[in-house]
Amino acid sequence: MNNNYITTPDKNRTIKSLDLNNSENHMYMIEQSFGLVHKMRWNNSIFNTEEFVYTGRLHKGKLTFATGKDLKVVVPRRGKFNYGFALEGIAKDIFKVRNSLNIYNKFENRTFSYINPNSYLEFIGDPFVEYSLYVRIYEDCFGIKNSRWAVIYAQYPNEDEKYKMNDGQY
């Protein structure tokens, strides 16, 4: 039996159950190949959209972002065309979007991954390194709430974040 564990921003606490009350107001990152669920923290984005943040380690394998009642809304949603991921920062080095059309834009230094129903996001980075992930969800140009694009910006945590995460120890 595969136990799903949820990690919280408080690294000293791991819980074994998931309270889905008000889950539609939160974003969760699911490590499908390892059975972990991470609740992402909401961040006030400079891009005028919702942004969710996770700082920590990940296991190699398939990842999914989910929200909504019972976590049944997978982000980005799948559609007929123009849905996908944009990988920014070091995200383009630590993630691959499989079974998709991947286009690197040298000018913007980001990868656009146009997805289809068989596409999936895979973490290929170092599982022993902590990363900070910032995930923004975008709708279509007409304002229809359809979660078409998930932009993932990744970086190494800065020294201040490392200091806070280690109880004041470098």
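Residues numbered from 1 in each chain as written. Predicted model: local features only at pLDDT ≥ 70, side-chain atom pairs only at ≥ 80, totals over all residues. Heavy atoms only, no water.

Colleague: An account of the overall build of the chain is requested, with residue identities and associated values reported.
Modeller: In terms of regular secondary structure, the chain is built from 2 helices and 14 strands. Here the contacts in the chain between residues at least 6 apart in sequence split such that 63% fall between residues at least 24 apart. By element, 50% of the accessible surface of the chain is carried by carbon and sulfur atoms, the whole surface being about 10400 Å². (Helix = DSSP H or I, 4+ residues; strand = E, 2+ residues; numbered from the N terminus. Contact = heavy atoms within 4.5 Å. Areas by Shrake-Rupley, 256 points an atom, 1.4 Å probe, with all protein chains shown as cover.)

Colleague: Explain the pairing of strand 5 (residues 50-56) residue by residue, including any values.
Modeller: A regular strand places its side chains on the two faces of the sheet in alternate fashion. Of all 7 residues in strand 5, 6 are buried, a share of seventy percent or more. Alignment of strand 4 (residues 36-44) against strand 5, held across 4 bridges, turns out to be antiparallel. Within strand 5, the position partnered with N43 by the bridge is E51. Counted along the chain from strand 4 to the antiparallel partner strand 5, the turn is 5 residues long, and its residue N48 has a positive phi close to 60°. Pairing analysis gives 6 bridges linking strand 5 to strand 13 (residues 131-138), with the strands arranged antiparallel. (Buried < 20%, exposed > 50% of the residue type's maximum accessible area, 1.4 Å probe, protein only. Pairing = 2+ DSSP bridges.)

Colleague: Give me the confidence of the model for the chain: which residues, what numbers.
Modeller: Residues with a pLDDT of 70 or more make up 74% of the chain, whose mean pLDDT is 80. When mean pLDDT is taken per element in the chain, strand 9 (residues 95-98) scores highest with 98 and helix 2 (residues 159-165) scores lowest with 45. In this model, residues 1-5 is a region of pLDDT below 50 whose contacts with residues beyond four sequence positions or in other chains number 11 contacts. In the model, residues 166-170 has pLDDT below 50 throughout and makes 5 contacts with residues more than four positions away in sequence or in other chains. (pLDDT = per-residue confidence, 0-100.)

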